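# Structure assessment
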Amino acid sequence: MLFEHSTRVFLWAALAGRHKGVQYHPELLYVASIFHDFGLTSAYRESHSRFEVDGANAARDFLRRHGVADAASERVWLAVALHTTNGISEHLSPIAALLAKAPA
């Protein structure tokens, strides 16, 4: 269920980006979308962090393990960590803005 939701978030965000003519890195938007609610999984049941931060940490770790540059990993971290914080994401990167505007 979470994977299907996250896939829909990616598709909505990508469509919004295309509609608005926003330049973004599709693979990074995909990773941000897939991990945006990852902190809600049972693996983080005992965590004392916000679920957004747990998901952001997981996304950053995933990207680093796959050799993605730190700057790109940090953009994804911010997009995931702040996707529920109104009024901030649109001032960051296109990935953050598109992720925050996708339907919950």
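Anything mentioned here points back to the structure above.
Residues numbered from 1 in each chain as written. Predicted model: local features only at pLDDT ≥ 70, side-chain atom pairs only at ≥ 80, totals over all residues. Heavy atoms only, no water.

What follows deals with the side chain of D37. Summarising the element assignment, D37 is placed in the loop between α2 (26-35) and α3 (51-65). It turns out D37 is buried and unbridged, and the closest side chain with the opposite charge, R8, is 9.2 Å from it. Within the structure, the side chain of D37 is placed 3.2 Å from the side chain of H36, a separation counted as a polar contact. The contacts of D37, once residues within four sequence positions are left out, are L2, H5, F51 and H83. (Helix = DSSP H or I, 4+ residues; strand = E, 2+ residues; numbered from the N terminus. Buried < 20%, exposed > 50% of the residue type's maximum accessible area, 1.4 Å probe, protein only. Lys, Arg positive; Asp, Glu negative; His and termini not counted. Salt bridge = Lys/Arg side-chain N within 4 Å of Asp/Glu carboxyl O. Polar contact = N/O pair within 3.5 Å; in protein donor to acceptor, adjacent residues only side chain to side chain. Contact = heavy atoms within 4.5 Å.)

Before going further, it helps to spend a moment on the environment of E74. Within the secondary structure, E74 sits in helix α4 (residues 70-81). Each C-alpha atom of the pair E74 and R60 lies 6.9 Å from the other, and the pair is 14 residues apart in sequence. Excluding residues that lie within four positions of it along the chain, E74 makes contacts with R60 and R64. At 3.1 Å, the side chain of E74 and the side chain of R64 are in polar contact.

Glancing now at the pattern of salt bridges. In the structure shown here, the tally under the stated rule is 4 salt bridges. R60 is the salt-bridge partner of E74, the closest N and O atoms lying 3.3 Å from each other. Placement of the pair is E74 in helix α4 and R60 in helix α3, with a sequence separation of 14 residues. Judged by its relative accessible area of 17%, R60 is buried. We note a salt bridge from D70 to R64, for which the minimum N-O separation is 3.5 Å. R64 sits in the partly exposed class, given a relative accessible area of 39%. It is possible to trace a salt-bridge network through shared partners that takes in R60, R64, D70 and E74.

What follows is about the packing of α3 against α4. Here α3 crosses α4 at 160 degrees, and the two axes come no closer than 8 Å. Put simply, α3 runs roughly antiparallel to α4. α4 is crossed by α3, and the crossing has right-handed handedness. On α4, the residues that touch E52, V53, G55, A56, N57, A59, R60, L63 and R64 of α3 are D70, S73, E74, V76, W77, V80 and A81. Of the residues contributing to the contact of α3 with α4, the split by class is 8 nonpolar, 3 polar and 5 charged. (Axes fitted to C-alpha atoms, helices over the stretch in contact; angles between N-to-C directions. Parallel < 35°, antiparallel > 145°, perpendicular 65-115°, else oblique. Left-handed = near helix turned anticlockwise from the far one by under 90°. Nonpolar A, V, L, I, M, F, W, Y, C, P; charged D, E, K, R; others polar.)

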